[in-house]
Every structure is written in structure tokens, then in C-alpha cells.
There are 2 protein chains.
Amino acid sequence: MPTSEPGPEPDHGPEPAPPTYDKYAFEPFAVTVDLAVFTVRHQELLVLLVERGEDPYAGRWALPGGFVQPREAADAAARRELAEETGLPQPVVEGLHLEQLRTYSDPDRDPRMRVVSVAHTALVPDLPEPVAGSDAAGARWFPCAPHGFRAPEPLAFDHDRILGDAYERICAKLEYTGLATAFCPPAFTLGELQQVYETVWGTALDRPNFRRKVLAAPGFVEPAPGARRRTSQRGKPAVLYRAGGAAVLHPPLLRPVAAPPEGQDI
Amino acid sequence: MPTSEPGPEPDHGPEPAPPTYDKYAFEPFAVTVDLAVFTVRHQELLVLLVERGEDPYAGRWALPGGFVQPREAADAAARRELAEETGLPQPVVEGLHLEQLRTYSDPDRDPRMRVVSVAHTALVPDLPEPVAGSDAAGARWFPCAPHGFRAPEPLAFDHDRILGDAYERICAKLEYTGLATAFCPPAFTLGELQQVYETVWGTALDRPNFRRKVLAAPGFVEPAPGARRRTSQRGKPAVLYRAGGAAVLHPPLLRPVAAPPEGQDI
DNA sequence: GCAAAAGTGTTGGGAGTACACCCATGG
DNA sequence: CCATGGGTGTACTCCCAACACTTTTGC
């Protein structure tokens, strides 16, 4: 019961805390954001990485990210960093899908000092490759699925783990949210939407059934004004849709079962 | 492209950063953990709150929590705080279900200084009320569901929001994980398990179907050694089970649909 | 015997899958 | 007229919600 915390009690202080606290009395924490930015292009799921020019892990690739500023919330910092590192105009970035993943707080995750990082995932439609040229030495999209992650080396810091968690999360979220529309342009065809699912999950889906399920989920997509559009050179032009307002899908679009579930009996 | 971050680049530094960084050059961040600890007792979902004795929000109730120490990961800090505030012995706490919820980083969430809090949820079986007496002025279980949250005042800081997020999360996680067993003692009956679901969700479930679904999900529960046990005074004693090893349920136990889904068309 | 809780059986409707089939367009 | 992608229809299967029924205990 004697709390081993020294000093200030900024958030919770049931015990008789010292009447004054010194913010600078302790080893400071730094707080950063890291971003796993995904896009889908040419039937591949890509993730944005930047090449480090600085000492720890110099020359290695890493997730983009940076410091949370003194009067900035983590999600605002993530949005700002995303704008800076992709070169996208601010208004575009404001509308993008951005979501907190989780926080990584291992004391030794950065060799220089104590850095707690709030990781986020961002989903963007196929961008006109403006990526490099921000303040990163190098910046590139790397294939991530369905043919496996293909980056030159292990990533800096614990970013391999963060990227793995992020990929797992978006795979799962495609099932029960309308997230997939974030990979598509403002108006898209159901064929394009299906390609997003097939690319991220790495599985083929039955087109008629996919179509029915998407249209059966209220608020997932709604008809978009404008003429039909052709996806490839051939074939019938498809009707355009835009993202609906629903956050969660009822009923969900479940992934086809590939391997038998991991029951540990036999 | 000119990064507006001043100074050190501990995690990501593509630009020509200063060759040395001063950890103390900036307004320091504090990192805390907050805990939403739930239990089920007498057909009620309860949440553990502590009464603040200190100045900001003095006298108000708050989620337990505290500082992350300089060489401690966030989940370790959460486990330590949980042990301290509940008075549970360390070995018991080590086995408890604890999970990161999300991180709250609004710059003004604490009036004194910049505090970033990594919130966690913890699920415990019905404890022998050892709660108060740790380092909290007051500590109590408050009803949270199914009859609504009934605490004396609004909670301190942004803890109302954290608690709401935590409740939503555990409701959802009961569907597709074996989480509900964390509310039960080591050996439990299927009737007790069903009561957990009914209490958290606030809905009645069909007993025969519940039983079948639980037993059909591989690794959810497995027979426990020991004699049958009586849940109440009357009725047939029930077979005992213990938690299986499965993390996710195949197939999931879906909540019965109460309200029509939130489609925004008509 | 009766009430209460555990456990088993049965059945009808609905959802999802796997197809076959037609439509529109470019070459 | 054929290849290609969009869109519709249909039948079969399996799951599952609903409810009846049996079993085991305390009083």
C-alpha cells in the first residue's frame, strides 16, 4: 500500500500528496505518434515507410511519425505528421480515415530516452505518388499483402511489431465496419470495393454474393450521383457508389474460413 | 515540409537533426495508466472507483490509476496499480485479465500539466470486497449495468468518457472472445457463465441455445475436475467447467438484435 | 409432490453459398 | 461474335432461435 511513486500526483492522488509538485523533478517521458499508412494499388496492399537518416537505426526503414507537441492531442499530431510526410494538402488529410491502434511503452524501445508511442493506422485511396520529398530522406510504398511484406530489412525500433498489429487490425475491421471504403476514391464501383477486400484478405470472393451482402448492410454504401464508369477496358460500365454513414455493418461481411479454427483439442 | 517540431528527434528524424538533444529542453509529458476494473456480482456489472482526496476534482470519484514509472511498461504499471488499489495479492493479480483500451491525450485533460493516460480494462471475478484500505481515501464498487451507471457525481477528469469506452469494449468482446470467463471463478457452471453475459449485455438469453453455442466453440470452456455444484438452493447441481485456451470464439456468440440497426435511410 | 435449475430433443424459418444465367460494352 | 466485367435469379444446405420435454435436487 505504500505507493512507490515518487512525487507528483497529477492524475490520481488519494494519499496526502505534497502540496506542490515539480514537473521537472523526474526523468522526462517523450510522447510520439507512429503511423501505419496503408493503401491499395494494383491488387496489392502497400504500406508507407520512410528511410531513417539519423543515428539509431540510420539507413533502416521505419513507420512515419514524430513528436506530439506540447499542446496537441495525439490524433492531431498523427494527422499533422501524415500531411507532412505524404505531402498531401491539409484539407485532404482532414477527411482521411485515421484511427488509434495502441500504445507501445516498452522502456527500451528507443535507445536514447524513454519514448512512449501512440500508434495509429491510416487508410488512404491510391495516391498520385507524391510521397517522397517531404522531410524524409526516402519515402516509399512497400508491398504488405497478399504476397507478404517485402521491405529491405527489419524495420527500426519495434515497428515490425506495430506494423503486424496494424495489419491484423485492418483485416479484422473490414469484416464489421465500412472501413474498406477508405481505400476507394470518393465514388467507386462494387467491383473496386470487392478488390479491396480480396487484396487485403488475400482471398477470392464470390461476386454476386459480395454484391448482395454489401447492399444488404444499411448505410455501408449509397448510390452516388454521376454516370456509370468502366473499371477496365472491357465489360459493362458499373454503377457508382459512395461511402454511407454507417460505422458498423449489420450484418458483417465475414471472411471465408481458410484454416480450421485453432481449437487445441487434437 | 519544415517540421514545426523543435529540437530532439528521438524516434524519427529524417531531417538533419541537432547532433545532441536535451531531454529536459521541453515541457515534460507525464504518462499515467487508468484502470476500468469490472466485476459481476448479484446480477450487476460493477466498476471500481476511488474517491479523490487531492485538489483537482477533490471529493470526486475517479478510475483508479497512477504514474508509469521511469523503467516500467504501461501494462506493468496497470497491473501494479491494480494490486495496490484493490489490495489483492500479487500472484492473483498476475493472472488477471488486463487489456489496453486506448490512450487519452487531450492537452487539457488534466489542469495541472500535460498528462497522457494509457487506459486499460481489467476483468475480475467477484472479489471478497477487500477493495478499500489501499492508498485510496475511499474505494467502492459502483453499479454500471444493466440498470445504468449510478455514481454520485460526474467522474473526475475525462473518466466518464474512458468508462463509457471501456464498457462498450467489453460488451463487444464478449461476443467474439472468451473474455466472460474472466468474470467467473476458476471453476464455474454454464449457468454462471450465462449470467455474466446476461448481466453485461442486459438481455435474457435462451439457456439451451446458450449452452450449445458455448460447447460448440472449440477451446472456450473445458470440463473441470471436481464434483457438480449447486448454483442456488434448489435445482439440479451443474457440471463444472474452466476456461479453455481459445482467445477468439469460432463461431462467435452474437448478441441478440435489440433495436433495428442504425441505417440512416428513412 | 412441487418448484427450481440443469440438460436434451425437435422443428421451422432464414441466411449464406454455389452456381447458372442474362446484360452491356470494346475489339 | 467473342471476351470481359456487371448484374440477377435460384436452389440447396446448414445454422439457429424457439419451445417442448426429461432429469435431478431441496423442501
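These numbers were taken from a predicted model, which means no experiment stands behind them.

The next subject is the packing of aromatic side chains. Residue and element names in this part refer to chain A. This structure, assessed with the given rule, holds 8 aromatic pairs over all chains. Here the aromatic rings of Trp-61 and Phe-142 are separated by 4.9 Å at their centres, their planes lie at 75 degrees, and the arrangement is edge-to-face. Pair noted here: Trp-61 is in strand S3 (residues 61–62) and Phe-142 is in strand S7 (residues 138–145), with a separation of 81 residues, a long-range link. You can call Trp-61 buried: its relative accessible area is 10%. Residue classification places Phe-142 among the buried positions, given a relative accessible area of 2%. In textbook terms, an aromatic cluster arises when at least three aromatic residues are bridged by ring pairs, as seen for Tyr-197, Trp-201 and Phe-210. Taking the ring centre of Phe-142 as reference, the NZ or CZ of Arg-140 above it sits at 4.3 Å.

All names here are of chain A. With respect to the helices and strands, the residue Glu-168 is situated in helix H3 (residues 159–176). Using a relative accessible area of 58% as the deciding quantity, one classes Glu-168 as exposed. Sequence-wise, Glu-168 and Val-200 are 32 residues apart; in three dimensions their C-alpha atoms are separated by 10 Å.

Val-37 and Leu-82 of chain A together with Val-37 and Leu-82 of chain B are the most contacted members of the largest nonpolar core, which has 46 residues in total. Leave out the neighbours within four places in its chain, and Leu-82 of chain B touches Leu-35, Val-37, Gly-87, Val-93, Leu-96, Leu-98 and Ala-122 of chain B. The next biggest cluster of nonpolar side chains, apart from the first, holds 43 residues, and it includes Leu-123, Leu-193, Trp-201 and Phe-220 of chain B.

Now for the domain arrangement of chain A. Residue and element names in this part refer to chain A. Along its sequence, chain A is carved into domain 1 (30–175) and domain 2 (177–243). Distance from the C-alpha centre of domain 1 to the C-alpha centre of domain 2: 26 Å. The interface of domain 1 with domain 2 comprises 20 residues on the first partner and 13 residues on the second. Counting each side, the surface lost to burial between domain 1 and domain 2 is near 1500 Å², with a carbon and sulfur contribution of 71%. Here domain 1 and domain 2 share 0 salt bridges between them. Put simply, domain 1 and domain 2 have 5 residue pairs in polar contact (both at pLDDT 80 or more) between them.

On to the protein's contact with DNA strand C. As a structural note, the neighbourhood of DNA strand C is formed by 25 residues, with Asn-209 and Lys-213 of chain A together with Arg-207, Arg-211 and Val-239 of chain B the closest of them. The sugar and phosphate moieties of DNA strand C supply 54% of its atoms located within 4 Å of the protein. Contacts to DNA strand C include Asn-209 of chain A, whose side-chain N or O atom sits 2.9 Å from a base nitrogen. At a separation of 3.1 Å, a base oxygen of DNA strand C approaches a polar side-chain atom of Arg-212 of chain B. Here the surface near DNA strand C is composed, by residue class, of 6 nonpolar, 7 polar and 12 charged.

Once that is clear, we can look at the pairing of strand S1 (residues 30–41) of chain A. The two faces of the sheet receive side chains in turn, since in a regular strand these alternate between them. All names here are of chain A. Counting buried positions along S1 yields 12 of 12 residues, so the element is predominantly enclosed. Of the two faces of S1, the one carrying Ala-30, Thr-32, Asp-34, Ala-36, Phe-38 and Val-40 and the one carrying Val-31, Val-33, Leu-35, Val-37, Thr-39 and Arg-41 are both buried. As paired strands, S1 and strand S6 (residues 115–123) are joined by 9 bridges and run parallel to one another. Note that in S6 the partner of Leu-35 across the bridge is His-120. Pairing geometry for S1 and strand S4 (residues 65–67), over 3 bridges, is antiparallel.

Definitions and cut-offs
Residues numbered from 1 in each chain as written. Chains lettered and ligands numbered in written order. Predicted model: local features only at pLDDT ≥ 70, side-chain atom pairs only at ≥ 80, totals over all residues. Heavy atoms only, no water. Phe/Tyr/Trp six-rings, centres within 6.5 Å; stacked < 30°, edge-to-face > 60°. Helix = DSSP H or I, 4+ residues; strand = E, 2+ residues; numbered from the N terminus. Buried < 20%, exposed > 50% of the residue type's maximum accessible area, 1.4 Å probe, protein only. Lys NZ or Arg CZ within 6 Å of the ring centre and 35° of its normal. Core = buried A, V, L, I, M, F, W, Y, C linked by side-chain atoms within 4.5 Å. Contact = heavy atoms within 4.5 Å. Domains from an automatic or database assignment. Buried area = accessible area lost by both parts, 1.4 Å probe. Salt bridge = Lys/Arg side-chain N within 4 Å of Asp/Glu carboxyl O. Polar contact = N/O pair within 3.5 Å; in protein donor to acceptor, adjacent residues only side chain to side chain. Near = heavy atom within 4 Å. Nonpolar A, V, L, I, M, F, W, Y, C, P; charged D, E, K, R; others polar. Pairing = 2+ DSSP bridges.

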